[in-house]
Amino acid sequence: MADVATPAVDGHVDAHHDEHHEGHHTSLGISNMKLAMWLFLGSEVLLFGALISSYLLSVARFNQERAEGNPLVTGPGTELFDIPFTSASSFILLMSSLTMVLAHQAIHHGDVKNSRIWIGATAALGSLFLAGQVYEFTVFYREGLGFTTNLFGSAFFTLTGFHGVHVTGGILMLTSLLVLSFQGKLNKDRHETVELVGLYWHFVDIVWVLIFTIVYLVV
Amino acid sequence: MAIIEEPLALPSGDRPTVSNPLGGLSRPRGATGLKDWLTTVDHKKIGIMYGAAALFFFVIGGIAALGIRTQLAAPDQTLLSGDAYNRVFTMHGTVMVFLAVMPLGAAFANYLLPLQIGARDVAFPRINAFSFWVFLAGGILLNTSWFIGGGANGGWFNYAPNNGVAYSPSTGIDFWNIGLLIAGIGSMTGAVNLITTVLNMRAPGMSWMKMPVFTWMTLVTQFLLLFAIPVLTVAQVLLLLDRGFDANFFNVEQGADPLLWQHLFWIFGHPEVYLMILPAFGIVSETIPVFSRKPIFGYPFMVASGVGIGFMGWGVWAHHMFVSGLGPLSVAAFSAVTMFIAVPTGVKILNWLATMWGGKLLLNTAMLFSIGLVTQFTVGGLSGVMHSVAASDTQQTDTYFIVAHFHYVLFGGALFGFMAGFYFWWPKAFGYKLSEKWGKAHFWTMVAGFNLTFGPMHILGLQGMPRRMQTYSEVQGFGLWNMVATIGSFILGVGSLLILVNAFVSYRAWKRAGRPDVGPDPWDARGIEWMIQSPAPEHNFDVDPVITELDDFWHKKYAEDENGKLVRVATAEELAHPGNGEGVHLPAPSYWPLVLSIGIMIIGYGLIFSLYLCIPGAFIMMTALYGWSLEPADDLDADDHHHGEVEVAHG
């Protein structure tokens with residue numbers, strides 16, 4: 001899904017955009033790119049809504065079957081969760097939203113150097129979160145939970161994996177921003193490009209807040 | 001012509017450096033013929049391609065339908081085996097819904113939206129081309145299952161757990177699943193694009209309540225797509241993971257609940273039926289006022305009822321699942337909402353009737369098809385309301401009564417509406433009118449064939465004939481009406497082809513007559529799309545039209561004199577833009593949307609046959625994405641070329 005968004009974002013990154021005025025002459029006063037990003041994120045809400053619902057249903061059925069002693073249902077369940085560890089990685093991802101805001105602030109004020117630092121920091125924190133996810137998946141797998149082991153395994157890896165793919169897409173966008181910046185194409189006039197990536201990034205963060213709360217803490 | 005031949009100068013006056021990451025695939029300039037169509041980003045050409053592809057798939061779906069009807073013509077037929085029959089009805093439904101009716105809506109939306117709101121093009125022309133190509137890629141992938149797959153055989157809604165490997169081991173379901181996943185990408189990007197276009201690129205003065213009804217209905221449709229497609233995507237991804245990677249989402253042995261598929265599918269599926277009919281509603285809301293010589297009755301109600309349908313459409317999905325054991329509370333709630341949703345639909349019917357009431361009706365082909373929609377949709381709507389009564393639905397569900405119902409709304413409603421749209425906007429798109437003589441023959445054979453085919457299915461359903469039954473025996477007494485329906489279906493088949501015959505015959509007559517100019521406004525119509533030449537010039541409007549009224553073009557042509565009498569104050573020819581595109585910068589064509597779609601299609605085949613095939617697919621996809629990002633955008637500014645860069649030489 002993230003790949004689908006990329007042309008929209010990168011389509012903006014063009015050689016002739018130097019004189020870009022935000023919300024110039026559009027009916028709503030917001031630029032087409034920003035409006036499109038909001039619409040895309042609206043679509044994503046339904047994507048994650050359906051995924052989270054499927055997860056909730058699957059885990060409920062898994063727990064019920066296990067409690068009833070269905071002999072086909074094997075492997076571990078939600079007792080695998082390591083809340084302190086995931087809290088830490090969630091904190092890292094949340095902090096990346098802060099650095100994303102700082103990156104946009106910097107570019108908005110024409111501070112190219114600091115914008116590079118903060119964009120890089122955001123990508124690094126995102127990568128750290130991803131590394132944590134890979135570690136978590138590995139631990140779960142070693143403890144006997146594969147993707148095909150049981151209903152919980154399929155649902156858990158699918159939901160968190162989908163989110164991980166979204167984070168990866170975000171990191172790709174951030175890296176592209178860095179490349180652009182070092183080519184000298186990312187200046188004050190183009191701050192909206194950073195803002196767009198930021199919108200996406202914050203959305204992915206918010207989804208994680210929901211996933212962490214619902215998957216790890218509540219259910 | 002209007003396509004600029006070399007890179008634009010930068011505002012600073014410097015020559016831009018053009019980097020061509022892949023020389024041969026750099027932006028084609030001044031392309032003609034096939035290359036032009038493959039690389040175009042013009043919303044009008046993309047709209048025409050959507051229409052052509054939809055009609056092509058419509059023929060495929062129609063052949064499948066005739067297969068079904070031939071098999072059912074008489075008792076104990078053996079033309080199609082049980083398995084072949086499953087495939088044929090599955091592909092009929094899937095192709096008609098996803099590859100014929102939905103893209104017809106997209107065809108009209110693409111062609112008309114920018115014209116109706118006075119824009120140069122859509123907000124993201126390359127994404128628009130991508131939406132079409134990726135839809136076509138999905139459609140082709142789905143249809144290759146006829147030749148190289150096991151044949152999709154799970155019905156168009158493809159319920160779990162029947163769609164799992166255990167019960168459907170052949171690759172047919174995979175073709176269905178991945179083909180629609182890919183087509184869904186196009187729907188989603190198309191929705192983002194078209195919504196942005198309507199919200200952001202309206203001509204000066206075109207406020208919400210001055211937008212044409214078709215624009216409104218398309219806006220609602222695209223919002224439905226935007227929010228419905230991801231839910232189907234999730235269902236299909238779960239199925240893909242189950243079938244290809246041994247996940248357990250619909251694995252009943254592991255305690256999974258197969259109803260999850262039904263919920264996800266119908267949360268998508270019910271908005272889906274509204275997004276198929278709303279564009280047709282929009283079309284007849286344009287044609288009926290023109291050919292009744294009256295403004296649309298109750299414009300605000302027309303808009304509000306469309307938006308209301310859009311909202312309520314999300315609260316009725318479980319009426320497809322009344323017999324799945326939801327429990328009385330859910331059934332009662334969904335039953336009530338389903339009854340309510342008939343109200344805004346009824347408002348629309350009333351408004352069309354009130355528009356025609358007392359009008360000077362001109363019963364040409366476009367108007368006949370519009371009246372056909374109003375009449376036949378009402379029949380289908382009435383049988384639809386019957387289904388909201390859960391007790392009665394329990395009797396009718398999965399019988400031919402349901403088949404009759406949804407064909408009355410989708411064929412008698414949506415498709416007739418699209419036909420009205422073809423006759424109405426054909427001169428705008430191609431510069432000549434379709435023949436009225438052939439048009440009337442087209443309409444009346446379709447009406448006769450349609451009602452002969454689907455009318456008897458009400459009776460068959462009430463007699464208890466189940467849907468999707470491969471054959472029946474003589475003693476069941478279904479023979480008579482099945483024979484009638486089969487005869488009707490062949491009449492309908494011939495009738496449906498007459499649109500193509502008509503296009504061909506009319507084109508030849510026009511060519512032989514030396515291509516006479518049909519004029520900007522052949523119907524004395526109301527919308528601003530009639531204010532430009534026919535066929536529509538590549539750049540649409542010479543200058544941004546300024547909108548002061550609903551039906552702005554009409555109000556520029558007619559005004560009231562001192563006695564309150566309507567008089568013509570200007571002719572269309574005086575008002576029409578002469579079609580001088582000098583100084584207009586248009587977005588340049590691009591290969592990348594096509595290449596990206598091909599990459600995605602190869603990944604799709606890889607998911608079916610061998611994951612190794614995904615590697616070249618992904619490589620092509622990533623190349624296309626980066627090629628797309630890096631190619632010089634000589635559309636100057638995708639955001640605001642529509643307003644900013646128009647310098648018109650003439651007065």
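Residues numbered from 1 in each chain as written. Chains lettered and ligands numbered in written order. Predicted model: local features only at pLDDT ≥ 70, side-chain atom pairs only at ≥ 80, totals over all residues.

**Some words on the overall build of chain A**
As a reminder of what qualifies: A helix here means a DSSP run of H or I that spans at least four residues, while a strand means a run of E at least two residues long, and both kinds are numbered starting from the N terminus. The exposure label follows from counting other C-beta atoms within 10 Å of a residue's C-beta, where the C-beta atoms are placed from the backbone and the thresholds are 20 or more for buried and 12 or fewer for exposed, leaving partly exposed in between. By definition, residue pairs are in contact when their C-beta atoms, positioned from the backbone, come within 7 Å.
Assigned secondary structure in chain A consists of 6 helices and 0 strands. Along chain A, from the amino end to the carboxyl end, the secondary structure elements read α-α-α-α-α-α. The 219 residues of chain A split such that 43% are buried. Pairs at least 24 residues apart make up 79% of the contacts formed inside chain A by residues separated by at least 6 positions.

**Points about the overall build of chain B**
On a plain count of helices and strands, chain B comes out with 20 helices and 2 strands. Taking the principal axes of its C-alpha atoms as reference, chain B extends roughly 75 × 65 × 50 Å. Expressed as a percentage of the 651 residues in chain B, the buried residues total 58%. Residue pairs at least 24 apart in sequence account for 82% of intrachain contacts in chain B once pairs closer than 6 positions are excluded.

**Observations regarding the nonpolar core**
Note the threshold: A set of buried residues qualifies as a nonpolar core if it consists of Ala, Val, Leu, Ile, Met, Phe, Trp, Tyr and Cys joined through C-beta atoms within 7 Å.
Among the nonpolar cores identified, the biggest contains 250 residues, and Ala54, Val101, Ile182, Ile195, Val231, Leu264 and Ala420 of chain B are the most heavily contacted of them. Setting aside residues up to four positions removed in sequence, Ile182 of chain B forms contacts with Val134, Ala137, Gly138, Leu141, Ile600, Met601 and Gly604 of chain B.

**A word on unusual backbone geometry**
Residues and elements named next belong to chain B. At the junction of Ala160 and Pro161, the peptide bond is cis and its omega measures out at 0° in the coordinates. Examined against the element boundaries, Pro161 turns out to sit in the loop between helix H5 (145-148) and helix H6 (172-200). The omega angle of the peptide bond from Ser534 to Pro535 is -10°, so this bond is cis rather than trans. Mapped onto the elements of the fold, Pro535 is located in the loop between helix H15 (479-512) and helix H16 (552-557). Phi at Asp76 is positive, roughly 55°, even though this residue is not glycine. Position of Asp76 relative to the elements: it lies in the loop between helix H2 (43-72) and helix H3 (82-117). Positive phi, close to 60°, is recorded for Asp398, a residue that is not glycine. Within the secondary structure, Asp398 sits in the loop between helix H12 (390-396) and helix H13 (400-430).

**Considerations on the packing of helix H8 (residues 259-292) of chain B against helix H9 (residues 299-312) of chain B**
Residue and element names in this part refer to chain B. Stated formally: The axes are straight lines fitted to the C-alpha atoms, using for helices just the contacting stretch, and the angles between their N-to-C directions are given from 0 to 180°. Geometric relationships in this document are graded by angle, where less than 35 degrees denotes roughly parallel, more than 145 denotes roughly antiparallel, 65 to 115 denotes roughly perpendicular, and other angles denote oblique. Throughout, the ten residues Ala, Val, Leu, Ile, Met, Phe, Trp, Tyr, Cys and Pro are labelled nonpolar, Asp, Glu, Lys and Arg are labelled charged, and all others, Gly among them, are labelled polar.
The interhelical angle for the contact between H8 and H9, taken along N-to-C directions, is 175°, at an axis separation of 11 Å. Between H8 and H9, the crossing angle belongs to the class labelled roughly antiparallel. Contact with H8, carried on its side by Tyr274, Leu278, Phe281 and Ser285, involves Met302, Gly306, Ile309 and Gly310 of H9 and no other residues of that element. Tallied by class, the residues present in the contact of H8 with H9 amount to 5 nonpolar, 3 polar and no charged.

**Focus on the environment of Met469 of chain B**
All names here are of chain B. One can find Met469 in the loop between helix H14 (436-463) and H15. The class for Met469 is partly exposed, based on 14 C-beta atoms found within 10 Å. Considering only alpha carbons, one finds Met469 and Gly149, 320 residues apart in sequence, at a separation of 23 Å.

**Focus: the packing of H13 of chain B against H14 of chain B**
Residue and element names in this part refer to chain B. Let me state the cut-off plainly: For any helix crossing, the convention is left-handed if the near helix is rotated counterclockwise from the far helix by under a right angle, and right-handed if that rotation is clockwise.
At a minimum axis separation of 7 Å, H13 and H14 run at an interaxial angle of 165°. With respect to each other, H13 and H14 are oriented roughly antiparallel. Our pair here, H13 against H14, has a crossing hand that is left-handed. Residues Tyr400, Phe401, Ile402, Val403, Ala404, His407, Tyr408, Phe411, Gly412 and Tyr423 of H13 lie in contact with H14, whose contacting residues are Gly439, Phe450, Phe454, Met457, His458, Leu460, Gly461 and Leu462. In the contact of H13 with H14, the residues fall into 13 nonpolar, 5 polar and no charged.

**Considerations on the confidence of the model for chain B**
Residue and element names in this part refer to chain B. This is how the line gets drawn: As a per-residue measure, pLDDT tells how confident the predictor is, with possible values from 0 to 100.
Mean pLDDT over chain B: 91, with 93% of residues reaching 70 or higher. Residue range residues 1-21 is modelled with pLDDT below 50. Its contacts to residues more than four positions away, or to other chains, number 36 contacts. This model gives residues 635-651 a pLDDT under 50, and the stretch forms 48 contacts once residues within four places in sequence are excluded. In the predicted complex, the global pTM is 0.91; the interface-specific ipTM is 0.90.

**What about the environment of Val494 of chain B?**
In this fold, Val494 of chain B is placed in helix H15. Sequence separation between Val494 of chain B and His442 of chain B is 52 residues, and the spatial gap between their C-alpha atoms is 8.7 Å.

**Regarding the confidence of the model for chain A**
Residue and element names in this part refer to chain A. The predicted model of chain A has a mean per-residue pLDDT of 89, with 89% of residues at 70 or higher. Here helix H1 (residues 2-10) stands out as the element of chain A with the lowest mean pLDDT, 37, in contrast to helix H4 (residues 112-142), whose mean of 97 is the highest. Low confidence marks residues 1-23, where pLDDT is under 50. Its contacts with residues over four positions away, or in another chain, come to 63 contacts.

**Let's talk about helix H19 (residues 614-630) of chain B**
Residue and element names in this part refer to chain B. Keep this limit in mind: The span expected for a helix works out to 1.5 Å for each residue beyond the first. Arc, as used here, means the arc of the directions from the helix axis to the C-beta atoms.
Spanning 17 residues, H19 covers 24 Å between terminal C-alpha atoms, matching the ideal 24 Å at 1.5 Å per step. Listed in full, the buried residues belonging to H19 are Gly617, Met621, Ala624, Leu625, Trp628 and Ser629. Along the long axis of H19, the arc covered by the buried residues comes to 130°, so they all point the same way.

**Topic: the environment of Ile602 of chain B**
Residue and element names in this part refer to chain B. Tracing the backbone shows Ile602 in helix H18 (residues 592-608). Given 21 C-beta atoms within a 10 Å radius, Ile602 is considered buried. Linking Ile602 and Ile371, residues 231 residues apart in sequence, is a C-alpha distance of 44 Å. Sequence-distant contacts of Ile602, defined by excluding residues within four places in its chain, comprise Leu613, Pro616, Gly617 and Ile620.

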